[in-house]
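Take a look at the letters that make up each chain.
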Amino acid sequence: AGSRVNVDISNFTLPSITVSVGTTVVWTNRDGAAHTSTADSGKWRSGLLSTGESFSYTFTEKGSFSYHCEPHPSMKGTITVS
């Protein structure tokens, strides 16, 4: 089984992190506004997450995956999988 990494969405930021293949990333919205975790490529899309809601995605291949928040396009991050 792979590992799990928790990522907080807060202060209108989406973190950039590095994980290993097989890791499940769990995004939790800690902000007062609704946000998404949406891959630029369309590989994953959380839908709107209200405060306290979470979304998870398991990364099964190496690469660099850019993502953003749909309602707030200035919020961007990258998941690097090695």
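### Description of unusual backbone geometry
Stage number 1. A positive phi angle, close to 55°, is found at Asn11, a residue other than glycine.
Stage number 2. Examined against the element boundaries, Asn11 turns out to sit in the loop between β1 (4-9) and β2 (17-19).
Stage number 3. We classify Asn11 as exposed; its relative accessible area is 64%.
Stage number 4. Of note, Phe12 is a non-glycine position whose phi angle comes to about 55°, a positive value.
Stage number 5. Here Phe12 lies in the loop between β1 and β2.

### A few points about the pairing of strand β7 (residues 76-81)
Stage number 1. Burial of β7 is one-sided: the residues Gly77, Ile79 and Val81 facing one way are buried, the residues Lys76, Thr78 and Thr80 facing the other way are not.
Stage number 2. Pairing of β2 with β7 involves three bridges; the strand directions are parallel. Bridged to Val19 within β7 is Val81.
Stage number 3. In the sheet, strand β6 (residues 63-68) pairs with β7 via six bridges, with the strands oriented antiparallel. Directly across from Tyr67, in β7, lies its bridge partner Gly77.

### Considering the environment of Cys69
Stage number 1. Tracing the sequence through the fold places Cys69 in the loop between β6 and β7.
Stage number 2. Along the backbone, Cys69 and His35 are 34 residues apart, and their C-alpha atoms lie at a distance of 5.8 Å.
Stage number 3. In this structure Cys69 touches Leu14, His35, Thr36 and Met75, once residues within four positions along its chain are discounted.

### Side note on the nonpolar core
Stage number 1. Ranked by size, the top nonpolar core spans 19 residues in total, and within it Val25, Trp27, Trp44, Phe59 and Ile79 carry the most contacts.
Stage number 2. Mapped by element, the contributors of at least two residues to this core are β1, β2, β3 (24-29), β5 (54-58), β6 and β7.
Stage number 3. Contacts of Phe59, omitting those with residues within four sequence positions, involve Val21, Gly22, Thr23, Val25, Trp27, Trp44, Phe65, Ile79 and Val81.

Definitions and cut-offs
- Along every chain, residues carry numbers that run from 1 in the direction the sequence is written.
- Per-residue local features of the predicted model are confined to residues with pLDDT of at least 70, and side-chain atom pairs are confined, for both listing and counting, to 80 or more; whole-chain, interface and lining totals are unaffected and use all residues.
- To get the side-chain values, take all heavy atoms of the structure and skip hydrogens and water.
- Secondary structure elements are defined from DSSP: runs of H or I of at least 4 residues count as helices, runs of E of at least 2 residues count as strands, and each element is numbered from the N terminus.
- A 1.4 Å probe rolled over the protein chains alone gives each residue an accessible area, and that area as a share of the maximum for its type sets the label: buried under 20%, exposed over 50%, partly exposed in between.
- We call two strands paired when DSSP finds no fewer than two bridges between them.
- Contacts between residues were defined by any pair of non-hydrogen atoms, one from each residue, lying within 4.5 Å.
- Buried Ala, Val, Leu, Ile, Met, Phe, Trp, Tyr and Cys residues form a nonpolar core when they are joined through side-chain atoms within 4.5 Å.

Any link to function would need more than the numbers given here.
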